[in-house]
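# Chain and residue survey
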Amino acid sequence: MAVLAMRDALNQALREEMKRDQAVFLLGEDIGLYDGSFKVTRGLMKEFGEMRVLDTPIAEEIIIGTAIGAAMSGLRPVAEMMTVNFIMVAMDQVVNAAAHIRYMFGGGTKVPLVIRTPGGGGHQLGAQHSHSHENWFAHVPGLKVVAPGTPADAKGMLKSAIRDDNPVMFIENEGTYAVKGEVPDGEHLVPLDKNEVKRPGEHITICAHSRMLIIAMDAAAELEKEGISAEVVDMRALRPLDMAPVIESVKKTSRLITVEEGWRSYGVGSEIASRVYEEAFDYLDAPVARIGAAEVPAPYNKRLEKIAFPGKADVIITAKALLGKN
Amino acid sequence: MASVQMPRLSDSMETGKILRWLKKEGEDVKKGEPLVEIESDKANIEVEAYASGKLSKIVVAEGESAPIGAVIAEIGGAAGGSAEKPAAPQGQAPAAEPEQKGKAPAAESPRAQADKPEAHVEQAEKAMAKTAQVASDAGGEQYPHGGPDDRTEVGAAAQAALNVIRRPGGKENGERLKVSPVARRLAEEQNVDLNRVKGTGPGGRIQKEDVEAAAQQSTRPVATVTREATAAAPAPAQRQATPRPTQEVEVVELSKLQTTVAMRLAQSKFSAPHFYVTSEIAMDDAVHLRQMFNEAVDKSEAISLNDLIVKAVALALTKFPEVNASWADGRIERKRDINIGIAVGLPDRLIVPVLKNADQKSLKEIAVESKQLIERARTNRAAAQDYMGNTFSISNLGMYDVDQFTAIINPPDSGILAIGAIEDKAVVKDGQVIPGKRMRVTLSVDHRVFYGVTAAQFLQEVKRLLQSPMALVL
């Protein structure tokens, strides 16, 4: 088992899958010659050639459209959107085509497509480069949506996504590419529909995915010092949404915080909270607390940006408030 | 002298590797000239000098790595030997320097750049590196983009969640009891009456722990009060669990006094039809008056709030002879004297020493005499007559943080006033919400002796006296 940065774990998954299956190919902006904006595809063009690693024009709709056609024709494309903020122009392809085609053709064709794209803010990149939109895709039947928060899960879920016969939105985060962690060598597959407890605890449950998982783990470590034992559930599988570990956890702790980097309204936390009210109402001791980004377009100003996105302090203070400790 | 630091060349970079120094040690370097080639986690980038002078020392050699911010070289003095001269004037910016050497990309013609797709990449990276270095120079800022997660105050992100959690509000009259779902379920399972559970959650919500605590309480063995009471300012009661009886029940024999008390209370409660009238009294002035009074007199003569109440009740009784009366076998006996019984709770018994002719005594006399009376009672040195002759009684549980309660009439009286704690409350005065001190008193009445309106008017008079307490001093 090697310690790898998230970007290198993703790179390893791509390399292994490309070696394993000739049908797998990559396309996107700057992913070949430039090794990718975040260096996830480093060295792959050199290794697999220009036929399997395609540098495309800046035309997201064409990238996704091409990928869908290739997938329907039997290939397994992995398309990269430089950030999830740029996918808007391709939404018709993602929703009306990729998500619906298999159903509209009565199962006669399938779309084994992976769209890799990072969300996340906090880098002073302004409102058009800083948002998280996984909830939009998690709303759509026909798509699978995952958002891993550790290098091991990133590798294992990307490999599973490439092998899946459905379109998978593989949501990464700009703030986690350098995060390091142990990654199993070789064949390491993580299911796309299983969430899991990443840190066991007794007093309060914290649900988070992607970069917020790291924030939640940090917050839990600090809460522990103050005698508050928080259970952290990684919500890496957003659609289909695996609620089992959350429900089980809430039955134990009776209190829940959801943390996401996107806006609260109509967010991932809203869905989790609704499911908890439906499935574990009689176990709650307090209303579910949802933490998300401030309801504004991400500010550029550094200080404003800092208070606009969730941080460790938000989780800690909210946890204490839920437990009546401040 | 300027230090050259390892710049942050990408947001995710942690360390950078020196690929090539473009200047040798001892060579002059001008601000803006390419100085060193660095490999970041993203790409290889040429970094320009941000100061002019002699490259006096290369700290990190080619092929070695250093973390962001680490000093990789020193540039000492200005070019040409004139030390400590500030950076070259703008007119000498490197782009305008004709003698630029090497094959730096900037020297290539725009056309050459357009033909070479890597060129724009290199330029962009250079711009990024410059941004990073400028930020670094500006104030040693380590994180030009966003920064570490060092915020300790809550941000906008959690404010909305906190607003929900901390939503104020308590139980108001007729309002539904606030109980969390899990608490409600537990209460049902464990047979806990939620009306008897105090909620400790936001807005007084009854939570899981509250029900668990209440459930535990009810299964504890009978406890006794072991603390000694004083009428003045008792410490909070410490309850100590007594050992569990070995048999099913433990038989406790009553003392003679306890037997008498039990009999008399039962007789009172079961023969006199009680009714109750409650009133809330503004105690701000009384509290203030007591304070002023106690500042003026010797400590041995200090008055308690109870003394003020005794005085107010005694004065009110002078105006309501029908209250200062007894039921006597089908007739009513009105009393000439006004003697106030003061209930004193002791660990093993309840006693009611009587302050005689309270209406005729000054506050100071009441204070001194009731102190002596209570002390005698507490130490078992009271004379029989200390307990005799009461015409009206007062029972005060205010010091035990009781909001209000109802007392059983102390025979042969026809009324007893139960005193609750003085609470700091928000009160409305002249349309403004202001802090106020409020005390709830409840009058228990023998309905055979006098009726509701009299009871209410008597309470009004007590209230008037306590709210205008100068009348008690005159």
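Description of the structure in this document. As the structure is a computational prediction, the values presented were derived from the model and not from experiment. (Residues numbered from 1 in each chain as written. Chains lettered and ligands numbered in written order. Predicted model: local features only at pLDDT ≥ 70, side-chain atom pairs only at ≥ 80, totals over all residues.)

### A short note on the overall build of chain A
- Secondary structure summary: chain A contains 12 helices and 14 strands in total.
- Within chain A, the proportion of its 326 residues that are buried is 60%.
- Considering only residue pairs separated by 6 or more positions, chain A has 79% of its internal contacts joining residues 24 or more positions apart. (Helix = DSSP H or I, 4+ residues; strand = E, 2+ residues; numbered from the N terminus. Buried ≥ 20, exposed ≤ 12 C-beta atoms within 10 Å, placed from the backbone. Contact = placed C-beta atoms within 7 Å.)

### Structural notes on the overall build of chain B
- For chain B, the count of helices and strands is 11 helices and 20 strands.
- Looking at chain B residue by residue over its 474 residues, the buried ones come to 32%.
- Within chain B, residue pairs in contact and separated by at least 24 positions form 61% of the contacts whose partners lie at least 6 positions apart.

### Remarks on the sheet that holds strand β20 (residues 432-446) of chain B
All names here are of chain B.
- The strand order across the open sheet built from 6 strands is β11-β20-β19-β18-β14-β17, with neighbouring strands paired in mixed fashion. Bordering the open sheet on either side are β11 (274-282) and β17 (354-355), each of which pairs with just one other strand.
- Running over the sheet, helix α10 (residues 452-467) touches β11 and β20 and is turned about 25° from β11. (Pairing = 2+ DSSP bridges. Axes fitted to C-alpha atoms, helices over the stretch in contact; angles between N-to-C directions.)

### Focus on the packing of helix α12 (residues 312-322) of chain A against helix α3 (residues 156-165) of chain B
- Put simply, α12 of chain A and α3 of chain B touch, their axes get as near as 10 Å, and they point 5° apart. What the angle tells us is that α12 of chain A and α3 of chain B run roughly parallel. On α3 of chain B, the residues touching Asp314, Ile317, Thr318, Ala321 and Leu322 of chain A of α12 of chain A are Ala157, Ala158, Ala161, Leu162 and Ile165 of chain B.
- For the contact of α12 of chain A with α3 of chain B, the residue count by class is 8 nonpolar, 1 polar and 1 charged. (Parallel < 35°, antiparallel > 145°, perpendicular 65-115°, else oblique. Nonpolar A, V, L, I, M, F, W, Y, C, P; charged D, E, K, R; others polar.)

### Some remarks on the interface of chain B and chain A
- The interface is formed by 35 residues belonging to chain B together with 40 residues belonging to chain A.
- Broken down by secondary-structure element, the contributors of at least two residues to the side of chain B that touches chain A are α2 (117-139), α3 and α4 (181-190) of chain B.
- Sorting elements by how many residues they give to the side of chain B that touches chain A places α3 of chain B first, with 8 residues.
- Residue classes in the side of chain B that touches chain A are distributed as 15 nonpolar, 10 polar and 10 charged.

### A short note on helix α9 (residues 244-253) of chain A
Residue and element names in this part refer to chain A.
- Three or more residues of α9 are buried, namely Val246, Ser249, Val250 and Thr253. One side of α9 carries all its buried residues, which in axial view fall inside an arc of 100°.
- Looking at the packing, one finds that the buried side of α9 touches β9 (196-199), β10 (204-208), β11 (230-234), β13 (256-263) and α10 (268-280).
- Once α9 ends, the next one or two residues include serine 254, with phi positive near 70°. (Arc of directions from axis to C-beta.)

### Brief notes about the environment of alanine 384 of chain B
Residues and elements named next belong to chain B.
- Mapped onto the secondary structure, alanine 384 falls in the loop between α9 (363-378) and β18 (392-396).
- Overall, alanine 384 belongs to the exposed group, with 6 C-beta atoms counted inside 10 Å.
- Note: C-alpha distance between alanine 384 and proline 353 (31 residues apart in sequence) is 9.5 Å.

### Points about the packing of helix α8 (residues 305-319) of chain B against α10 of chain B
All names here are of chain B.
- Relative orientation of the contacting elements α8 and α10 amounts to 135°, with a least axis distance of 9 Å. Between α8 and α10, the angle is such that the two are oblique. Of the two possible hands of crossing, α8 and α10 adopt the one that is right-handed. Contacts between α8 and α10 involve Leu308, Ile309, Ala312, Val313, Leu315, Ala316 and Lys319 from the former and Phe458, Glu461, Val462, Leu465 and Leu466 from the latter.
- Residue composition of the contact of α8 with α10, by class: 10 nonpolar, no polar and 2 charged. (Left-handed = near helix turned anticlockwise from the far one by under 90°.)

### Concerning the nonpolar core
- Judged by nonpolar contacts, the single largest core of 126 residues is most densely connected at Val146, Ile206 and Ala216 of chain A.
- Here the element with the most residues in this core is helix α8 (residues 211-225) of chain A; it accounts for 9 residues.
- Aside from chain neighbours lying at most four places away, what touches isoleucine 206 of chain A is Ala216, Ala219, Ala220, Ala230, Val232, Ile257, Val259 and Val315 of chain A.
- Listed in part, the 55 residues of the second largest apolar core include Ile281, Ile351, Ala358 and Leu417 of chain B. (Core = buried A, V, L, I, M, F, W, Y, C linked by C-beta atoms within 7 Å.)

### Re the sheet that holds β9 of chain A
Residues and elements named next belong to chain A.
- Strand order in this open sheet of 5 strands is β9-β11-β10-β13-β14, and the pairing throughout is mixed. Each having just a single partner strand, β9 and β14 (289-293) make up the two edges of the open sheet. Each strand axis lies, on average, 30° off the axis of its neighbour in the sheet, ignoring direction.
- Across 4 bridges, β10 lies against β13 in parallel orientation. Directly across from isoleucine 206, in β13, lies its bridge partner isoleucine 257.
- Strands β9, β10, β11 and β13 of the sheet are contacted by α8, whose axis makes an angle of about 160° with β10.

### Observations concerning unusual backbone geometry
- Residue proline 240 of chain A is bonded to the preceding arginine 239 of chain A through a cis peptide linkage, with omega at -5°.
- If you trace the backbone, proline 240 of chain A turns up in the loop between β12 (237-239) and α9.
- With an omega of 5°, the peptide bond running from proline 411 of chain B to proline 412 of chain B counts as cis.
- Turning to its location among the elements, proline 412 of chain B is positioned in the loop between β18 and β19 (415-429).
- Located in the positive-phi region is asparagine 191 of chain B, a residue other than glycine, with phi close to 60°.
- Mapped onto the secondary structure, asparagine 191 of chain B falls in the loop between α4 and α5 (208-219).
- When the 8 C-beta atoms within 10 Å are taken as the criterion, asparagine 191 of chain B is described as exposed.

### Focus: the environment of leucine 75 of chain A
- With respect to the helices and strands, leucine 75 of chain A occurs in the loop between α3 (60-72) and β4 (76-80).
- When residues no more than four places from it in sequence are discounted, the contact partners of leucine 75 of chain A are Ala23, Phe25 and Ala70 of chain A.

### Thoughts on the pairing of β13 of chain A
Residue and element names in this part refer to chain A.
- For β13, a buried count of 8 out of 8 residues is recorded, marking the element as mostly surrounded by other parts of the structure.
- By the bridge criterion, 4 bridges tie β13 to β14 in an arrangement that is parallel. Directly across from isoleucine 257, in β14, lies its bridge partner alanine 289.
- Taken together, β13, α10 and β14 form a β-α-β motif whose crossover is right-handed. (Right-handed = clockwise from strand over helix to strand, strands pointing away.)

### A word on the environment of leucine 54 of chain A
Residue and element names in this part refer to chain A.
- Tracing the chain through its elements places leucine 54 in strand β3 (residues 53-55).
- When the C-alpha atoms of leucine 54 and leucine 33 are compared, they prove to be 9.3 Å apart, with 21 residues separating the residues in sequence.
- Beyond its immediate stretch of four places on either side in the chain, leucine 54 contacts Phe25, Leu26, Leu27 and Gly32.

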